[in-house]
Amino acid sequence: MTDQEINRAVQYVVASTSYGRDTVAQIITTGFAELSAMAATSSTQFDRPTLLEYVCRWTMAKTGQPEPLVREVLGCAGRWLDELYDALMREHPERQQKPD
């Protein structure tokens with residue numbers, strides 16, 4: 001993800017929650033960095049709940065933020081990603097992958 005996309009995710013989460021920008025940015029940057037690293041280096045496919053659990057645990061360990069805060073911020077950021085994905089698929093339906 002680009003810095004601009006991460007900033008949009010941070011803005012979305014800050015507007016949707018009562019948390020400060022710095023805290024939200026730290027959590028999102030840490031969580032999304034690990035998610036990107038996994039996507040680039042792992043050939044294993046994970047279901048969404050398992051992946052979210054791992055990224056939440058990783059982010060809690062790296063940031064020292066409490067579990068409820070990390071889960072809420074990453075959950076909200078996940079909704080932002082879902083909305084972005086849906087919008088991209090409406091614009092470019094040919095890019096949608098078919099299930100195996």
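A few points on the structure. Quick caveat, the model's predicted, so the values are computed rather than measured.

1. Focus on the overall build of the protein chain
- On a plain count of helices and strands, the protein chain comes out with 4 helices and 0 strands.
- Listing the helices and strands of the protein chain from first to last along the sequence gives α-α-α-α.
- For 100 residues, the compact-globule formula gives about 13 Å, and the C-alpha radius of gyration of the protein chain, at 14 Å, lands near that figure.
- Judged by the C-alpha coordinates and their principal axes, the protein chain covers about 40 × 30 × 20 Å.
- Buried residues in the protein chain amount to 29% of all 100 residues.
- Within the structure as shown, the protein chain displays about 6,800 Å² of accessible surface, and the carbon and sulfur contribution to it stands at 52%.

2. Looking at the side chain of Gln65
- Secondary-structure assignment places Gln65 in the loop between helix H3 (48–63) and helix H4 (67–91).
- Sequence-distant contacts of Gln65, defined by excluding residues within four places in its chain, comprise Thr23, Gln26, Ile27, Met60 and Val70.

3. Regarding the environment of Gln11
- With respect to the helices, strands and loops of the structure, Gln11 is situated in helix H1 (residues 3–16).
- Sequence separation of Gln11 and Ala77 is 66 residues, and the distance between their C-alpha atoms is 9.7 Å.

4. A closer look at the nonpolar core
- Grouped together as the largest cluster of nonpolar side chains are 19 residues, with contacts concentrated most on Val13, Ile28 and Val73.
- At the level of secondary structure, the elements contributing two or more residues to this core comprise H1, helix H2 (21–41), H3 and H4.
- Top element by residues in this core is H4. It accounts for 7 residues.
- Beyond its immediate stretch of four places on either side in the chain, Val13 contacts Val24, Ile28, Val73, Cys76 and Ala77.

Calculation rules
- Residues numbered from 1 in each chain as written.
- Predicted model: local features only at pLDDT ≥ 70, side-chain atom pairs only at ≥ 80, totals over all residues.
- Heavy atoms only, no water.
- Helix = DSSP H or I, 4+ residues; strand = E, 2+ residues; numbered from the N terminus.
- Rg over C-alpha atoms; globule rule 2.2 N^0.38 Å.
- Buried < 20%, exposed > 50% of the residue type's maximum accessible area, 1.4 Å probe, protein only.
- Areas by Shrake-Rupley, 256 points an atom, 1.4 Å probe, with all protein chains shown as cover.
- Contact = heavy atoms within 4.5 Å.
- Core = buried A, V, L, I, M, F, W, Y, C linked by side-chain atoms within 4.5 Å.

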